[in-house]
Amino acid sequence: VVDAGGIESITQCPQELPQMMAAAADGLGSIAIDTTQLNMSVTDPTAWATAMNNLGMVPVGLPGQQLVSDSICVPGFDPSLNMMTGITPINPMIPGLGLVPPPPPTEVAVVKEIIHCKSCTLFPQNPNLPPPSTRERPPGCKTVFVGGLPENATEEIIQEVFEQCGDITAIRKSKKNFCHIRFAEEFMVDKAIYLSGYRMRLGSSTDKKDSGRLHVDFAQARDDFYEWECKQRMRAREERHRRKLEEDRLRPPSPPAIMHYSEHEAALLAEKLKDDSKFSEAITVLLSWIERGEVNRRSANQFYSMVQSANSHVRRLMNEKATHEQEMEEAKENFKNALTGILTQFEQIVAVFNASTRQKAWDHFSKAQRKNIDIWRKHSEELRNAQSEQLMGIRREEEMEMSDDENCDSPTKKMRVDESALAAQAYALKEENDSLRWQLDAYRNEVELLKQEKEQLFRTEENLTKDQQLQFLQQTMQGMQQQLLTIQEELNNKKSELEQAKEEQSHTQALLKVLQEQLKGTKELVETNGHSHEDANEINVLTVALVNQDRENNIEKRSQGLKSEKEALLIGIISTFLHVHPFGANIEYLWSYMQQLDSKISANEIEMLLMRLPRMFKQEFTGVGATLEKRWKLCAFEGIKTT
């Protein structure tokens, strides 16, 4: 349904669902099935709803036996029940079941509602009528053809109706009750097509010129097709650019370019060969030049010097290798010393455990303490054995390096070394196990302590958050109070301004009454005494001058400075206009001139601006009776002369 705000929604009528289900069931008459095997009527909508709601298939039963009892039948069929309950419907095409396939779901007609606008009303067409036809949609279509408009429909009314579909960029109206509307986006055209078939009535009139049936269709515009082609070309360019980037990314990197040989480049290369940081780059250039065949009788001496400088780097490389080997030996020595220190500490720890397991101290420990001590002792012994094995391996490697050719070790010594290594390894494993258990107990204690600390921190954080919330609430309350005070002050100021405006209005009304009485008196005097028309004009001008003086005094009291740059610009334009018209100009003439520059400005706004500046502009009345006219003049130069 398209409402006044331009929102679309589709509503389905649940009252029409049983009839549609019945119609779908009646369509099964062409299927070869024995109707005597059905206990319930195929055209019964309640049966269809019950079967599809509970089983997800067409109701089929045996003779004399009801398939589903009436007690579990749910009134009112909901087609989304299977999705909500998670029940998978039975496949009716399983061999052996012989079930009739369920009818295809029928499309529920979209119910259109009445659309109310400010100046017109749209009534939907009869839902039984076929939907209005449309032509094939052109590519990139943003323009629609709207026919069947009322004769009295204006562009403003058309824009008011179709603005609900989206932003309108152009409306081209014809005198033959049709127009073309171009939208900003393509999806807005579909919303406009939805209004096809509506009957449009202007206001509450029943005249034929104020009503018509809308026909909205796709229109083929050159601007739309050009924009669509531009988008397609842009997408093609982006695709080509993306493919090129992908190819460049997958292409293997090319080797760096090597400059051509010259005496200047050879001199630079010789300097680079002497620099350790640029040697690897320079040696590749030298190799490529030699392979290219740049060596000849003139350049042989240069190439020889470059080869000689490359040879000098051999000594540097050997020195670097020696320093690195020395650093590695020192690191090995430091590691071996640290390992021996760790092993001595392990030996001391194992000695402590062995002393604590002796009879003198063992009897005084509890059962749990004895168990823990035993576990720790085994773990420390295993670690001690592992460390000793590692140290033995390092010493063995050193002995093999020192005497690679000496193989005079006796087999008895080898056996003793193997046995001691196995015993040390077993002892190290035991000690590792004990230490792991001890670490587990320590971690448990730490976890309990951390839990306690977290509970305390959580409580303190809750208190802090409550205090912060209270502070925030207090600050918001103070801000609200300040806002209320400022609003009250603004209300008082506005009340005072309204009172002043009322007083000024009453004063101007009194002045108008006085003027009217004076005009009547002057007319009578003219008729009785026979004064000339010029005398009457002089009297009228004098009275108007008095009124203007009084009004100027009031205006000076409430005159204010300029509020914006726009007002200053308007004053400049008005002053130049009135300077060209020395006899003055009425407000309608001045407004018609200003409206050409700014279509949104009003005559009231210009008059208020002129009244706010009595020293620059003055108002005079000319003529008598029906020819009485108000004119504004520029008096700024007179004020400058007087000052």
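Residues numbered from 1 in each chain as written. Predicted model: local features only at pLDDT ≥ 70, side-chain atom pairs only at ≥ 80, totals over all residues. Heavy atoms only, no water.

A.B. asks: Account for the overall build of the protein chain, with residues named and values stated.
C.D. replies: Along the protein chain, the regular secondary structure elements total 17 helices and 10 strands. Expressed as a percentage of the 643 residues in the protein chain, the buried residues total 25%. Expressed as a percentage of contacts within the protein chain between residues at least 6 apart in sequence, the contacts between residues at least 24 apart total 66%. In the form shown here, the protein chain has an accessible surface area of approximately 46000 Å², with 56% of it arising from carbon and sulfur atoms. (Helix = DSSP H or I, 4+ residues; strand = E, 2+ residues; numbered from the N terminus. Buried < 20%, exposed > 50% of the residue type's maximum accessible area, 1.4 Å probe, protein only. Contact = heavy atoms within 4.5 Å. Areas by Shrake-Rupley, 256 points an atom, 1.4 Å probe, with all protein chains shown as cover.)

A.B. asks: Any details on the pairing of strand β2 (residues 120–123)? Residues and values, ideally.
C.D. replies: Each regular strand shows side chains that alternate between the opposite faces of the sheet. Bridge count for strand β1 (residues 115–116) against β2 is 2 bridges, and the pairing is antiparallel. In the strand pairing of β2, I115 is matched with L122. Here β1 folds back onto β2, and the loop between the two strands holds 3 residues. (Pairing = 2+ DSSP bridges.)

A.B. asks: Can you tell me about the sheet that holds β1, naming the residues and giving the values?
C.D. replies: The 4 strands are arranged β1-β2-β6-β7 in an open sheet whose pairing can be described as antiparallel. Every other strand in the sheet has two partners, leaving β1 and β7 (211–213) as the edge strands with one partner each.

A.B. asks: So what's going on with the sheet that holds strand β5 (residues 178–183)? Which residues, and what values?
C.D. replies: The 4 strands are arranged β4-β5-β3-β8 in an open sheet whose pairing can be described as antiparallel. Edge positions in the sheet fall to β4 (168–173) and β8 (215–218), since each has one partner strand and no second. Between one strand axis and the next, the sheet turns through 20° on average, direction left out of account. Of the strand pairs in this sheet, strand β3 (residues 143–147) and β5 are connected by 5 bridges, and their pairing is antiparallel. (Axes fitted to C-alpha atoms, helices over the stretch in contact; angles between N-to-C directions.)

A.B. asks: Account for unusual backbone geometry, with residues named and values stated.
C.D. replies: Phi is positive for N177, which is not a glycine, with a value near 60°. Looking at the secondary structure, you find N177 in the loop between β4 and β5.

A.B. asks: Let's hear about the packing of aromatic side chains: which residues, and what values?
C.D. replies: A complete count under the given rule lists 7 aromatic pairs for this structure. Ring centres of F577 and Y589 lie 5.3 Å apart, and the angle between their planes is 70°; this geometry places the pair in the edge-to-face category. One end of the pair, F577, is in helix α14 (residues 565–580); the other, Y589, is in helix α15 (residues 587–597), and 12 residues separate them in sequence. A relative accessible area of 40% places Y589 in the partly exposed class. Ring geometry for F577 and Y593: centres 4.6 Å apart, planes at 20°, overall stacked. Remark: Y593 occurs in helix α15 and F577 occurs in helix α14; sequence separation between them is 16 residues. Note on Y593: relative accessible area 32%, which makes it partly exposed. Following the ring pairs from residue to residue traces out a cluster consisting of Y261, W289 and F303. (Phe/Tyr/Trp six-rings, centres within 6.5 Å; stacked < 30°, edge-to-face > 60°.)

A.B. asks: Can you tell me about the nonpolar core, naming the residues and giving the values?
C.D. replies: Counting residues in each nonpolar core, the largest one holds 30 residues, and the members touching the most others are V146, F162, I181, F183, L195 and M200. Those elements that place two or more of their residues in this core are β2, β3, α4 (155–162), β4, β5, α5 (187–194), β6 (199–202) and β8. Residue contributions to this core peak at 5 residues, all from α5. Apart from residues lying up to four places away in sequence, F162 is in contact with V146, I168, I181, F183, A192, L195 and V216. Among the nonpolar cores identified, the runner-up in size contains 19 residues, and L578, M594, L610 and L613 belong to it. (Core = buried A, V, L, I, M, F, W, Y, C linked by side-chain atoms within 4.5 Å.)

A.B. asks: Which residues make up the environment of D363, and what values do they have?
C.D. replies: Checked against the element boundaries, D363 lands in the loop between α10 (359–362) and α11 (367–402). There is a polar contact of 3.0 Å between the side chain of D363 and the side chain of Q359. (Polar contact = N/O pair within 3.5 Å; in protein donor to acceptor, adjacent residues only side chain to side chain.)

A.B. asks: Which residues make up the state of the cysteines, and what values go with them?
C.D. replies: Considering all chains together, one arrives at 0 disulfides under this definition. C117 supplies the cysteine sulfur nearest to C165, a cysteine that is in no disulfide, at a spacing of 9.8 Å. (Disulfide = S-S within 2.5 Å.)

A.B. asks: So what's going on with a negative patch on the surface? Which residues, and what values?
C.D. replies: Together, E325, E329, E397 and E401 line one region of the surface with negative charge. When residues of the negative patch are traced back to their parent elements, those giving at least two are α9 (300–356) and α11. With respect to the helices, strands and loops of the structure, E329 is situated in helix α9. (Patch = residues over 30% accessible without salt bridge, like charges linked within 9 Å, V, L, I, M, F, W, Y side chains within 5 Å. Salt bridge = Lys/Arg side-chain N within 4 Å of Asp/Glu carboxyl O. Lys, Arg positive; Asp, Glu negative; His and termini not counted. Charge placed at Lys NZ, Arg CZ, Asp CG, Glu CD.)

A.B. asks: A description of α14 should follow, citing residues and the corresponding values.
C.D. replies: Given a rise of 1.5 Å per residue, 16 residues ought to cover 22 Å, and the 23 Å separating the end C-alpha atoms of α14 matches this to within 8%. When α14 is considered as a whole, its buried residues turn out to be E567, L570, I571, I574, S575, F577 and L578. Along the long axis of α14, the arc covered by the buried residues comes to 165°, so they all point the same way. Those residues of α14 that are exposed and aimed more than 90 degrees away from the buried face are E565, L569, H579 and V580. Looking at the buried residues of α14, the elements they touch are α15, α16 (603–611), β9 (617–622) and β10 (629–634). (Expected span 1.5 Å × (residues − 1). Arc of directions from axis to C-beta.)

Function cannot be read off these values alone, since they describe shape.
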